Amino acid sequence: MKPATITLVVLVATCLFTTHGWSQSAPTKQQLEKWHKQFPAADTNRDGTLSPEEATAYRKKLLGRRGKQSNTNRATRGAPRQFKVDAGWDQPRFPDEAVCYKTPAEIKAIYEDVKPANQNTVVSYPEPTGRERRIVATGHSFMAPGFNTLPKICKAAEIQPMLYTHTGGGITGSARYKWEQENGIFQFEGSPVPKLLASISNADWDAMMFGPYFNDKPEYYSCWIDFCLKFNPDMKFYLSDAWPQLYQLGENPTSESFFTEEVFERLGTERRTMSNEVVDVLRRKYPDKVFVLPTSDAMVLAAQAYLRGDLPGIEGVHRVIGGKQRSLWKDQLGHLGPGFERLEGYVFYATLYGESPEQIKNPIAFGGDATFPNVELDQMFRKIAWQAVTEHPYSGVKDEDGDGTSDSHLQTTNRTEGQTDAK
């Protein structure tokens, strides 16, 4: 199947419930009417009305078809890198009905009508008194490891985690997709789900995080940034740069002997170049506002450390190539291997809080296998994360004196002395 067709299946399946909290609440009449117009084949009894039961059956059918296609194609194809983007992105203004143009009270009311029953309409956190940061985020499965481990790392560092996310798998977690979904525009016309917009406009926040996706453009991020700054003018913005993936090679190597430190240096440079096509524009447009979460540099350093024999317990570079369970990467798409969720979490922590994870003395309750990663490997992850962050020119963190704390990191300012980078 062609990538464009696969992408359509993904979007269809997503439109049918997954983006509207179907697992927690039934779709609205308005959503069913919209889906009926988009997917008339779902109306199996041809009565002109799409019932929740018919929609559920159609969704399962599509997801089952997608699963079969994924099993046969994804091993060599990877994530879809070509897809159609609505022409509305080329216009100077979003459609008038976009949620971003409404008042905070109106946005709150819109989300109240569509949110899952067990979810707050507006999420807010108390004013930080120390190093805490109130953070909203979008992202996908490449961001999930860090989102899952960051709160645990913060707790061990005696920092109250304050993270609120709106995520999705693959393209559905991209900044562009989430903006369309939250605003109810383009592919989501008439069906807004302003999960983050409601909280951003009605509460105080310090930062926002994003995961990258193929064919990203600066405008996919600037819309979020402009909206955030309208209500929280002191916010900072952090874009992950992901990490090297097999698609960069064109064809999978036949063995792991292909991988050398030089190969990873080249792949990492390619990733940074691709990321900077977006980041450079944003940093010029928003001086001192946009930073990078250097997960790519961290994984390059980790791969090079493995090749030198410095990652105890890690057995291979890539499970797809070498077949080893405890590898840096586990599948063709490029998801992280076991244990490396800690490394991403440490990169997030080091960038956001300006402190080396090596400084954390309390045990971190990661859960899972208590024997892996062992203490030595965990310490290597912390060291690599701090090196990646302090050496990246866009992280906003420098440690020239080598004390494990950023030399001039706004986020570590003592708020109790009246100095704050937050609203």
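About the cut-offs
Residues numbered from 1 in each chain as written. Predicted model: local features only at pLDDT ≥ 70, side-chain atom pairs only at ≥ 80, totals over all residues. Heavy atoms only, no water. Helix = DSSP H or I, 4+ residues; strand = E, 2+ residues; numbered from the N terminus. Buried < 20%, exposed > 50% of the residue type's maximum accessible area, 1.4 Å probe, protein only. Polar contact = N/O pair within 3.5 Å; in protein donor to acceptor, adjacent residues only side chain to side chain. Pairing = 2+ DSSP bridges. Contact = heavy atoms within 4.5 Å. Salt bridge = Lys/Arg side-chain N within 4 Å of Asp/Glu carboxyl O.

## Re unusual backbone geometry
Then, in step 1: Along the chain, Phe372 connects to Pro373 via a cis peptide bond; the corresponding omega equals -5°.
Then, in step 2: Despite not being glycine, Asn215 has its phi angle at roughly 60°, a positive value.
Then, in step 3: As for its position among the elements, Asn215 is in the loop between β3 (207-210) and α8 (219-231).
Then, in step 4: Judged by its relative accessible area of 39%, Asn215 is partly exposed.
Then, in step 5: A positive phi angle is found at Asp288, which is not glycine, with a value near 60°.
Then, in step 6: Since its relative accessible area comes to 63%, Asp288 is described here as exposed.

## Focus: the environment of Asn215
Then, in step 1: Separated by 134 residues in sequence, Asn215 and Arg81 have C-alpha atoms that sit 7.3 Å apart.
Then, in step 2: Here the side chain of Asn215 touches Arg81 through a polar contact of 2.5 Å, landing on its backbone oxygen.

## Topic: the pairing of β3
Then, in step 1: Every second residue of β3 is oriented toward a common face, with Ala207 and Met209 on one face and Met208 and Phe210 on the other, all of them buried.
Then, in step 2: Looking at chain direction, strand β1 (residues 134-139) and β3 are connected through three bridges and run parallel. Pairing of Ile135 across the sheet is with Ala207, part of β3.
Then, in step 3: Note that β3 and strand β4 (residues 236-240) share four bridges and pair parallel.

## With respect to the side chain of Ser395
Then, in step 1: Mapped onto the fold, Ser395 is located in the segment after α13 (375-391).
Then, in step 2: Within the structure, the side chain of Ser395 is placed 2.6 Å from the backbone oxygen of Val389, a separation counted as a polar contact.
Then, in step 3: Here His392 takes part through its backbone oxygen, which lies 3.3 Å from a polar atom of the side chain of Ser395.
Then, in step 4: The contacts of Ser395, once residues within four sequence positions are left out, are Phe291, Val292, Thr351 and Val389.

## Description of the environment of Leu293
Then, in step 1: For Leu293, the location among the structural elements is in strand β5 (residues 290-293).
Then, in step 2: Between the alpha carbons of Leu293 and Ala242 there is a distance of 8.6 Å; along the sequence they are 51 residues apart.
Then, in step 3: If near-sequence neighbours (up to four positions away) are discounted, Leu293 is found in contact with Met209, Tyr238, Leu239, Ser240, Asp241, Val347, Phe348 and Thr351.

## Here's the deal with the pattern of salt bridges
Then, in step 1: Scanning all chains against the criterion turns up twelve salt bridges.
Then, in step 2: When the shortest N-O distance is used, the salt bridge between Arg326 and Asp369 registers 3.8 Å. Taken as a pair, Arg326 in the loop between α11 (319-322) and β7 (327-329) and Asp369 in the loop between α12 (340-353) and α13 lie far apart in primary sequence, 43 residues in all.
Then, in step 3: The residue Asp378 makes a salt bridge to Arg382 at a minimum N-O spacing of 2.7 Å. Taken together, the residues Asp378 and Arg382, both in helix α13 and four residues apart, mark about one turn of the helix. Residues Asp378 and Arg382 agree in their burial class; the two are buried.
Then, in step 4: Residues joined by salt bridges that share partners form a network here, namely Glu127, Arg134 and Asp206.

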